[in-house]
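# Breakdown of the fold
Okay, here's what each chain looks like letter by letter:
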Amino acid sequence: QVRLVESGGGLVQAGGSLRLSCAASGSIFSINSMGWYRQAPGKQRELVATITSGGSRNYADSVKGRFTISRDSAKNTVYLRMNSLIPGDTAVYLCNAHNVLGPTGWGPDYWGQGTQVTVSS
């Protein structure tokens, strides 16, 4: 069983910064890709950023230049540094682990419970 635990959300004024963390624990040999998604009230879940074990990064156009994703593979932890936050970034941010290799082989996608980010104007 794999568990993802996010931290670092909160309330911040527009223009401010936050850093999210997500630690994966359990029977993990490796994780191919980790990332962040977000879901605002009444909207579909959308990709924010992903990073592979090789360090390749992918960002949503709406966050390019403002958000930075990084990863500590030894700790199975992924981070999201969010700068120049705007009210449109308000959402629940969810951590994702994709292609997780464990003792029984490759597992399904895993999700954290989410952390709320609220940006006030």
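Above: the structure in question.
I will try to describe carefully the structure that is included in this document. (Residues numbered from 1 in each chain as written. Predicted model: local features only at pLDDT ≥ 70, side-chain atom pairs only at ≥ 80, totals over all residues. Heavy atoms only, no water.)

## Here we look at the packing of aromatic side chains
Taken as a whole, this structure holds one aromatic pair when the rule is applied. Ring centres of Tyr-37 and Trp-111 lie 5.1 Å apart, and the angle between their planes is 65°; on these two criteria the pair is classed as edge-to-face. Of this pair, Tyr-37 sits in strand β4 (residues 30–39) while Trp-111 sits in strand β11 (residues 110–111), and the two are 74 residues apart along the sequence. For Arg-45, the ring lying beneath its charged end belongs to Trp-111, and the centroid distance is 4.5 Å. (Phe/Tyr/Trp six-rings, centres within 6.5 Å; stacked < 30°, edge-to-face > 60°. Helix = DSSP H or I, 4+ residues; strand = E, 2+ residues; numbered from the N terminus. Lys NZ or Arg CZ within 6 Å of the ring centre and 35° of its normal.)

## Topic: the nonpolar core
One finds Trp-36, Leu-80, Met-82 and Tyr-93 to be the most contacted residues of the largest nonpolar core, which totals 32 residues. With five residues, the top contributor of residues to this core is strand β9 (residues 91–102). (Core = buried A, V, L, I, M, F, W, Y, C linked by side-chain atoms within 4.5 Å. Buried < 20%, exposed > 50% of the residue type's maximum accessible area, 1.4 Å probe, protein only.)

## Focus on the pattern of salt bridges
Any two side chains of opposite charge can pair if their charged atoms end up close together. Applying the stated criterion across every chain yields a total of four salt bridges. For Arg-38, the salt bridge is made with Glu-46, and the minimal N-O distance between the two is 2.6 Å. Salt bridges sharing common partners tie together Arg-38, Glu-46, Arg-66 and Asp-89. (Salt bridge = Lys/Arg side-chain N within 4 Å of Asp/Glu carboxyl O.)

## Looking at the side chain of Thr-115
Here Thr-115 shows up in strand β12 (residues 115–120). By relative accessible area, which is 11% here, Thr-115 ends up buried. There is a polar contact of 3.3 Å between the side chain of Thr-115 and the backbone nitrogen of Gly-9. Not counting residues within four places of it along the chain, the set of residues in contact with Thr-115 comprises Glu-6, Gly-8, Gly-9, Leu-20, Ala-91, Val-92 and Tyr-93. (Polar contact = N/O pair within 3.5 Å; in protein donor to acceptor, adjacent residues only side chain to side chain. Contact = heavy atoms within 4.5 Å.)

## Some words on the pairing of strand β7 (residues 67–72)
Alternating residues of β7 divide into Phe-67, Ile-69 and Arg-71, all buried, and Thr-68, Ser-70 and Asp-72, none buried. Two strands pair when backbone bridges link them, and β7 and strand β8 (residues 77–82) are joined in this way by six bridges, in the antiparallel orientation. Residue pairing in the sheet places Phe-67 in a bridge with Met-82 of β8. In textbook terms, the turn of a hairpin is the stretch between consecutive antiparallel strands, and for β7 and β8 this stretch comprises four residues, one of which, Asn-76, has a positive phi near 50°. (Pairing = 2+ DSSP bridges.)

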